[in-house]
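# Breakdown of the fold
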Amino acid sequence: MRKIAAPAVQVVIDAADPHGLADFWAAALGYDVEDVEAFARQMLDAGHATDDDVTTHRGRLVWRDAAAARDPADQRPRLLVQRVPEAKTVKNRVHLDLVVGADRRDAEVARIVALGARRLHDGRLGPQAWVTLADPEGNELCVS
């Protein structure tokens, strides 16, 4: 059997406000929001993008409909937050679990809530316990 190179993984989150949500997730995960200003300007200058494709966020030129965040050590998947027209209406079928350990769980939950998350409920399965939160746009995540 021929071995195939493993694909890179990127996690994509739909959002109404991709830049605000990318800021939240970058802070929650210890990621850096990608600075696309130079690339966006290059694409504008080359005619590959128009003024309708960009906006400003925190004083920087950004793509209007997407923002990305990356692990500074480049060991965890890139996170892409993209604008979608519809609001979130049902529970996510996939979510992120942030595993910090029982001794750090409560402090991590408090930190993420202070960033703008909302506590939904506590869960337990045998010895494993977690807290389910919702990000500022309602996407679920768990801290265990």
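Everything below is about the structure printed above this text.
A brief report on the enclosed structure follows. (Residues numbered from 1 in each chain as written. Predicted model: local features only at pLDDT ≥ 70, side-chain atom pairs only at ≥ 80, totals over all residues. Heavy atoms only, no water.)

## Remarks on unusual backbone geometry
Basically, it comes down to this: Secondary structure elements follow DSSP: runs of H or I of four or more residues count as helices, runs of E of two or more count as strands, with numbering from the N terminus. Residue burial is assigned from relative accessible area. The probe radius is 1.4 Å, only protein chains are included, and a residue is buried under 20% of its type maximum, exposed over 50%, and partly exposed in between.
Even without being glycine, Arg 58 reaches a positive phi, approximately 55°. Tracing the chain through its elements places Arg 58 in the loop between strand 3 (54-57) and strand 4 (60-63). Since its relative accessible area comes to 69%, Arg 58 is described here as exposed. Positive phi, close to 55°, is recorded for Asp 74, a residue that is not glycine. Assignment of secondary structure puts Asp 74 in the loop between strand 5 (66-70) and strand 6 (78-83). You can call Asp 74 exposed: its relative accessible area is 52%.

## Concerning the pattern of salt bridges
Basically, it comes down to this: Throughout this description, the term salt bridge denotes a Lys or Arg side-chain nitrogen within 4 Å of a carboxyl oxygen of Asp or Glu.
Tallying each qualifying case throughout the model produces 13 salt bridges. The shortest N-O distance in the salt bridge between Glu 34 and Arg 70 comes to 3.0 Å. With Glu 34 in the loop between strand 2 (32-33) and helix 2 (37-45) and Arg 70 in strand 5, this residue pair connects regions lying 36 residues apart in the sequence. Put simply, Arg 111 and Glu 108 hold a salt bridge, and the shortest N to O gap is 2.6 Å. You can see Arg 111 and its partner Glu 108 sitting in helix 3 (residues 102-115), 3 residues apart, about one turn around the helix.

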